[in-house]
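Each chain, letter by letter, is given below.
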Amino acid sequence: MSGLISKKELLNKYNISYGTLYRWKRMGLIPDDWLVKKSTYTGQETFFDEEQICERIEAIIARKDQVPLEQIARELQGKTEQEAKLIINSKHWTKEINMSDLVSVIVKIGDDERDLTEIISGNTVINKSQEE
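For clarity, every value in this text was computed on a predicted model and none was experimentally measured. (Residues numbered from 1 in each chain as written. Predicted model: local features only at pLDDT ≥ 70, side-chain atom pairs only at ≥ 80, totals over all residues. Heavy atoms only, no water.)

Some remarks on the sheet that holds strand β1 (residues 4-6)
Step number 1: Pairing is antiparallel across the open sheet formed by three strands, whose spatial order is β1-β3-β2. Unpaired on one side and paired on the other, β1 and β2 (36-40) mark the two borders of the sheet. Taking the axes of each pair of neighbouring strands and ignoring which way they run, one obtains an average angle of 45° across the sheet.
Step number 2: The sheet contact formed by β2 and strand β3 (residues 43-49) spans five bridges and is antiparallel. By the bridge assignment for β3, Lys-38 is matched with Glu-45.
Step number 3: Helix α3 (residues 50-63) contacts β1 and β3 of the sheet and is inclined by roughly 70° relative to β3. (Pairing = 2+ DSSP bridges. Helix = DSSP H or I, 4+ residues; strand = E, 2+ residues; numbered from the N terminus. Axes fitted to C-alpha atoms, helices over the stretch in contact; angles between N-to-C directions. Contact = heavy atoms within 4.5 Å.)

Notes on the packing of helix α1 (residues 7-14) against α3
When two helices pack together, their arrangement is given by the angle between the helix axes and the distance between those axes.
Step number 1: Taken N-terminus to C-terminus, the directions of α1 and α3 make an angle of 35°; their axes are 12 Å apart at the nearest point. Like other packed secondary-structure pairs, α1 and α3 cross with a definite hand, here right-handed. When α1 is examined against α3, the residues Leu-10, Lys-13 and Tyr-14 are found in contact with a partner set consisting of Glu-50, Ile-53, Cys-54, Ile-57, Glu-58 and Ile-61.
Step number 2: Partitioning the contact of α1 with α3 into residue classes produces six nonpolar, no polar and three charged. (Left-handed = near helix turned anticlockwise from the far one by under 90°. Nonpolar A, V, L, I, M, F, W, Y, C, P; charged D, E, K, R; others polar.)

Some remarks on the pattern of salt bridges
Step number 1: All chains considered together, the criterion is met by five salt bridges.
Step number 2: Of the charged contacts in the structure, one is a salt bridge between Lys-25 and Asp-32, with a shortest N-O distance of 3.0 Å.
Step number 3: The shortest N-O distance in the salt bridge between Glu-75 and Arg-63 comes to 2.7 Å. With Glu-75 in helix α4 (residues 69-82) and Arg-63 in helix α3, the pair connects residues that are 12 residues apart, well separated along the chain. (Salt bridge = Lys/Arg side-chain N within 4 Å of Asp/Glu carboxyl O.)

Examining the pairing of strand β5 (residues 94-98)
Step number 1: Relative to β5, strand β4 (residues 85-89) runs antiparallel, the two being bridged by five bridges. Bridged to Leu-86 within β5 is Ile-97.
Step number 2: Between the antiparallel neighbours β4 and β5 lie four residues.

Here's the deal with the packing of aromatic side chains
Step number 1: All chains considered together, the criterion is met by one aromatic pair.
Step number 2: Here Tyr-18 and Tyr-22 contribute two aromatic rings whose centre-to-centre distance is 4.7 Å and whose plane-to-plane angle is 40°, an arrangement assigned as tilted. Here the residue Tyr-18 and the residue Tyr-22 both occupy positions in helix α2 (residues 18-27), the gap between them amounting to four residues, near one helical turn.
Step number 3: Among the residues examined, Tyr-22 registers a relative accessible area of 14% and is labelled buried. (Phe/Tyr/Trp six-rings, centres within 6.5 Å; stacked < 30°, edge-to-face > 60°. Buried < 20%, exposed > 50% of the residue type's maximum accessible area, 1.4 Å probe, protein only.)

These figures come from the coordinates and say nothing about function on their own.
Here you go:
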């Protein structure tokens, strides 16, 4: 992951409104898992991987006047739907992470940590129909 950019910095950099950013998010132009929530001295703020989000915003801005946003969203979702994903299920939520965005996976119990990144990043594919 490159550096992070705050939501406020992103909005200012591209002169887009909060409403526009979240409309694009709801439409699927910006994946939910790209939002990084962090505690700051002013409370919780939203950040993004700067390189990833800037590339996406620039692509949207470059095409939005020629192509309907819905079409751009379908094209972008088609790309991400083909990517391998790490899916984490808990009692309360499910989180999907594109494997191309994965930096590390660490299991921590007490002071012991185990890095599972290499195991998870392998090319093992489980076909759900084979499991049953």
